[in-house]
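A closer look at the structure
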Amino acid sequence: MLINGENRPGTAQIGGLQEVEAIMDILKFYDITHREHVICNPTNEEKLTRLVELLRLPPRAQVVDIACGKGEFLIRLAEAYDVRGTGVDLSPFHLADAAKRLQARAPRAAIALQAMNGADFKPAAPHSLELASCIGASWIFGGHDQTLEALNGMVRPGGWVIAGEPYWRQEPTAEYLAACGCAREDFGSHATNAEAGERRGMVLVHTFVSSRDDWDRYEGLQWYAAAAYARAHPDDPDVPELAERMAKAKAAYLRWGREALGWAIYLFRTRARGE
Ligand SMILES: C[S@@+](CC[C@H](N)C(=O)[O-])C[C@H]1O[C@@H](n2cnc3c(N)ncnc32)[C@H](O)[C@@H]1O
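Residue numbers restart at each chain and count upward from 1, following the sequence in its written direction. Reporting of local features is limited, given that this is a predicted model, to residues whose pLDDT is at least 70; pairs of side-chain atoms are given and counted only at 80 or more, and all residues count toward the totals for whole chains, interfaces and linings.

**Brief notes about the overall build of the protein chain**
Secondary structure summary: the protein chain contains 9 helices and 7 strands in total. Throughout, the radius of gyration refers to the C-alpha atoms, and the reference size of a globule is 2.2 Å times the residue count to the power 0.38. Taking 19 Å as the expected radius of gyration for a compact globule of 275 residues, we find that the protein chain reaches 18 Å, a close match to that expectation. Taken along the three principal axes of its C-alpha coordinates, the protein chain extends 60 × 40 × 40 Å. Every one of the 275 residues in the protein chain was classed for burial, and the buried ones make up 39%. Taking contacts inside the protein chain between residues at least 6 apart in sequence as the whole, the part at least 24 apart equals 73%. Going along the chain from the N terminus, every DSSP run of H or I of four or more residues is numbered as a helix, and every run of E of two or more is numbered as a strand. Exposed residues have 12 or fewer other C-beta atoms within 10 Å of their own C-beta, buried residues have 20 or more, and partly exposed residues fall in between, where C-beta atoms are placed from the backbone. It is the C-beta atoms, placed from the backbone, that decide contacts: two residues are in contact if theirs lie within 7 Å.

What follows is the structure, given as structure tokens:
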């Protein structure tokens, strides 16, 4: 996973031109390294299928997926339940991909894809949605706790809050923290990620925890995609930087990240009135 500040698209503020250019640069890197992914997080297809099955949404439920990426989760919700709603992302590359895939698989779905900072999304009214999710981009709200707080505020009593978040499987070494550019405090444990929702009165009903195999797929596809891009675009002046960043990320994953970092999707139900 691209976890350091430099690689987190959402950490940059959209302000002056320079900052926009910096964001485009990061978004280009992310686009190139995720060309082979449909699910842009370490969850596998089977777990995503099971997550969608368990939601049992009423037809035409209103949903939002913040940082929807290529829209796979949202498209599956549209296919299974004919949901209405919004996918929000900052990447024009991912949104273009999402729009193409939505058109091919659920052309009549009432889903709007919006290019915007997820932190600025507000539903028509607080506590009005059936489901709000943010899978793999909690920096948008300033961390896992704040993400749950924000999503909880969007969802009606008895609705779904879904967050995908890394966690420490073991204490990270100083070397790993330096290599990935993150701090020990950036992530909690699997238990504290779960407790963060329960502290807000939500009920944790399931977790989808990624295996090493799932992680290897997620990371390996990035190496593959970056190498394929470099071969196909030898004249792109960004290729040396792409190769250098990828080499560092690969070494950090193989040396430490594979043991130290976990990933799960946390499925919370908000309490129905009177519950
Ligand atoms: C790890 S990917 C996850 C994508 C998708 N949720 C999935 O699981 O396939 C992170 C996504 O967050 C998006 N993103 C980053 N910062 C954002 C922001 N401030 N607002 C909206 N989207 C953002 C990126 O463009 C990228 O698509």
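**Digging into the pairing of strand 4 (residues 129-135)**
Of all 7 residues making up strand 4, 7 are buried, and the element is well covered by its neighbours. The pairing criterion for strands is at least two bridges between them, as found by DSSP. With 4 bridges connecting them, strand 1 (residues 62-66) and strand 4 associate as parallel partners. The residue of strand 4 that forms the bridge with I66 is C134. With the strands pointing away from the viewer, any crossover whose connection runs clockwise from the first strand over the helix to the second is right-handed. Note on the crossover from strand 4 through helix 5 (residues 144-152) to strand 5 (residues 155-168): the handedness is right-handed.

**Remarks on the packing of helix 8 (residues 212-232) against helix 9 (residues 239-260)**
Taken N-terminus to C-terminus, the directions of helix 8 and helix 9 make an angle of 160 degrees; their axes are 10 Å apart at the nearest point. One way to sum up the angle between helix 8 and helix 9 is to call them roughly antiparallel. Along this stretch, helix 8 crosses helix 9, giving a crossing that reads as left-handed. Where helix 8 abuts helix 9, its residues R212, W215, E219, Q222, W223, A226, Y229 and A230 lie against V239, L242, A243, M246, K250, Y253 and R258. Fitting a line to C-alpha atoms yields each axis, with helices limited to the stretch in contact; the angle taken between N-to-C directions then spans 0 to 180 degrees. These descriptions rest on fixed angle ranges, namely under 35 degrees for roughly parallel, over 145 for roughly antiparallel, 65 to 115 for roughly perpendicular, and the rest for oblique. Definitions for this section: a left-handed crossing has its near helix turned counterclockwise from the far helix by less than a right angle. A right-handed crossing has that turn clockwise.

**Quick notes on helix 4 (residues 92-105)**
Helices are assigned an expected span. That span is 1.5 Å times one less than the residue count. Its 14 residues give helix 4 an end-to-end C-alpha distance of 20 Å, which sits within 8% of 20 Å, the value for a rise of 1.5 Å per residue. Considered for burial, the residues of helix 4 that qualify are H94, L95, D97, A98 and L102. One side of helix 4 carries all its buried residues, which in axial view fall inside an arc of 160 degrees. Residues P92, K100, Q103 and A104 are exposed on helix 4 and point more than 90 degrees away from its buried face. Here, the arc refers to the directions that run from the helix axis to the C-beta atoms.

**Here's the deal with the environment of K122**
In this structure, K122 sits in the loop between strand 3 (111-115) and strand 4. For K122, a count of 10 C-beta atoms within 10 Å translates into the label exposed. Linking K122 and M154, residues 32 residues apart in sequence, is a C-alpha distance of 7.6 Å.

**Some remarks on unusual backbone geometry**
For R60, which is not glycine, the phi torsion reads 65 degrees and is therefore positive. Topologically, R60 is positioned in the loop between helix 2 (45-55) and strand 1. Of the residues examined, R60 has 12 C-beta atoms within 10 Å and is grouped as exposed.

**Some remarks on the packing of helix 5 against helix 7 (residues 190-199)**
Running from amino to carboxyl end, helix 5 crosses helix 7 at an angle of 35 degrees, the nearest separation of the two axes being 10 Å. The way helix 5 lies across helix 7 gives a crossing that is right-handed. In contact with H144, D145 and L148 of helix 5, helix 7 contributes N193, A196 and G197. Of the residues contributing to the contact of helix 5 with helix 7, the split by class is 2 nonpolar, 3 polar and 1 charged. Here the nonpolar group is Ala, Val, Leu, Ile, Met, Phe, Trp, Tyr, Cys and Pro; Asp, Glu, Lys and Arg are the charged ones; every other residue, Gly included, is treated as polar.

**Considering the environment of L57**
Note that L57 resides in the loop between helix 2 and strand 1. For the pair L57 and Q114, spaced 57 residues apart in sequence, the C-alpha separation works out to 23 Å. Beyond its immediate chain neighbours, meaning those up to four positions away, L57 contacts Y81, V83, E130 and L131.

**Let's talk about the pairing of strand 7 (residues 261-269)**
Looking along a regular strand, one sees side chains alternate from face to face of the sheet. Among the 9 residues of strand 7, 8 are classified as buried, and the element is accordingly described as predominantly covered. Pairing of strand 6 (residues 203-209) with strand 7, which is carried by 6 bridges, proceeds in the antiparallel orientation. Bridge pairing in strand 7 links V203 to R269.

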